[in-house]
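The lines below spell out each chain.
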Amino acid sequence: MKPMNRQSTCFTADVRSIQPGAANPAAGSGPRARQIAERSDELPSCPERTIAVCVDDFGLNTGVNAAALHLAEMRRVSALSAMTQAPEWEDGAARARRLDSRRIDVGLHFNLTQSFGGAPALGSVQALIAATRLRLLPKRLVREALLRQLDAFEEEMFRAPTHVDSHEHVHHLPVISEVVLDVLLKRYGSALPWVRVSAAPATSLAGHLRSADERKGWLIDRVVGAEPFRRRARSLGFGANRRLLGVYGFDATESGYGSLLRRWLRQARSGDLLMCHPGSAAAGDVISRGRCVEFAVWSDPHLPDLLRELGVRIALMSVLRTATA
């Protein structure tokens, strides 16, 4: 790809950026996915808004890596969040290093809840919620886990992470959030990474109760404590997204996910973050089917039309952070 000027990191996805013969890790984009770009005459015109789009779980398996890198090359996403304990992290990092850092953020997907070989989990998300609320989780264990994962990131990427978020949003929880912000402050000083805030997009309780997906987003926001985390992070000088889009049950069909994506893009405000989990079928991956569906929709050739129709641009959150401080 042609290098971009640092000030021109906003873009609308362009299918011409796909190289001939590029591998497709999840076959299936087709007529059902195309309906995401069908124009609705009743839709009002939307002012242009700029958001970040992040692929979670990078490093988990070869299918996730292939999908994430393919979408990055297509300029459909602007960030990758890496699980540095995962089996395919080193291979994924070697390929991610070749991406233009002016077009893609690569950060740490801090993990405490999923076990990988010699790296045991500290507990399920439910167990961590209980332990942190009761202040029973030793800070030492969280700190050691975070330092190991940051070390692993820097050893492979040769640079600090652009951002830090977490698997199952646990970095918002009491004890864990205190350790995360303290470690990042001490380690990176004035060059702080941006951090994810898992704030739900709806503005009223009634709005959150309309569907199971909206209820899930609202529960994540309230249970993990997104707003207290945001206030603390910003008081310390961290950049962060405004709200988190992309929460659903990983059970949608291709057309269903396309409809969800249209809704999220219509809800989006500048500075929001839309997370996604594309990939391909893989043994042992409980959301494998959802990953295939997401990849089909995000790689669909009609997606740029939807972005233009709704007035949405995709950009680096490391650039947008200045507008969301």
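Anything mentioned here points back to the structure above.
Reading guide: rules and limits
Residues numbered from 1 in each chain as written. Predicted model: local features only at pLDDT ≥ 70, side-chain atom pairs only at ≥ 80, totals over all residues. Heavy atoms only, no water. Buried < 20%, exposed > 50% of the residue type's maximum accessible area, 1.4 Å probe, protein only. Helix = DSSP H or I, 4+ residues; strand = E, 2+ residues; numbered from the N terminus. Pairing = 2+ DSSP bridges. Right-handed = clockwise from strand over helix to strand, strands pointing away. Axes fitted to C-alpha atoms, helices over the stretch in contact; angles between N-to-C directions. Parallel < 35°, antiparallel > 145°, perpendicular 65-115°, else oblique. Left-handed = near helix turned anticlockwise from the far one by under 90°. Contact = heavy atoms within 4.5 Å. Core = buried A, V, L, I, M, F, W, Y, C linked by side-chain atoms within 4.5 Å. Arc of directions from axis to C-beta.

**Observations concerning the pairing of strand E1 (residues 49–58)**
Reasoning step 1: For E1, the buried fraction is high: ten of the ten residues fall into the buried class.
Reasoning step 2: Looking at chain direction, E1 and strand E8 (residues 312–314) are connected through three bridges and run parallel. When the bridges of E8 are listed, Arg49 appears paired with Val312.
Reasoning step 3: Where E1 and strand E7 (residues 273–276) come together, four bridges link them in parallel fashion. Following the sheet pairing, Val55 is matched in E7 by Cys276.
Reasoning step 4: A crossover links E1 with its parallel partner strand E2 (residues 79–82), the connecting element being helix H2 (residues 62–74), and its sense is right-handed.

**Some details on the packing of helix H10 (residues 254–267) against helix H11 (residues 288–298)**
Reasoning step 1: Where H10 contacts H11, the two axes come as close as 9 Å, and the packing angle between them is 60°. Viewed along their axes, H10 and H11 adopt a mutual orientation that is oblique. Every pair of crossing elements has a handedness; the one defined by H10 and H11 is right-handed. Counted together, Glu254, Tyr257, Gly258 and Leu261 of H10 and Val293, Glu294, Ala296, Val297 and Trp298 of H11 form the full contact between these two elements.

**Quick look at the nonpolar core**
Reasoning step 1: With 42 residues, the main nonpolar core has Val77, Leu80, Tyr257, Leu265, Leu274 and Trp298 as its most contacted residues.
Reasoning step 2: Residue contributions to this core peak at six residues, all from H2.
Reasoning step 3: In this structure, Leu274 is in contact with Ile51, Ala52, Val53, Cys54, Leu245, Gly246, Leu261, Trp264, Leu265 and Trp298, ignoring residues within four places of it in sequence.
Reasoning step 4: Membership of the second largest hydrophobic core comes to 32 residues, among which are Val180, Leu181, Tyr188 and Phe229.

**Some points on helix H3 (residues 89–96)**
Reasoning step 1: Among the residues of H3, those classed as buried are Trp89, Gly92, Ala93 and Ala96. Here the buried residues of H3 occupy an arc of 100° about the axis, which is enough to place them on one side.
Reasoning step 2: Structurally, H3 contributes buried residues whose contacts are with E1, H2, E2 and helix H5 (139–157).

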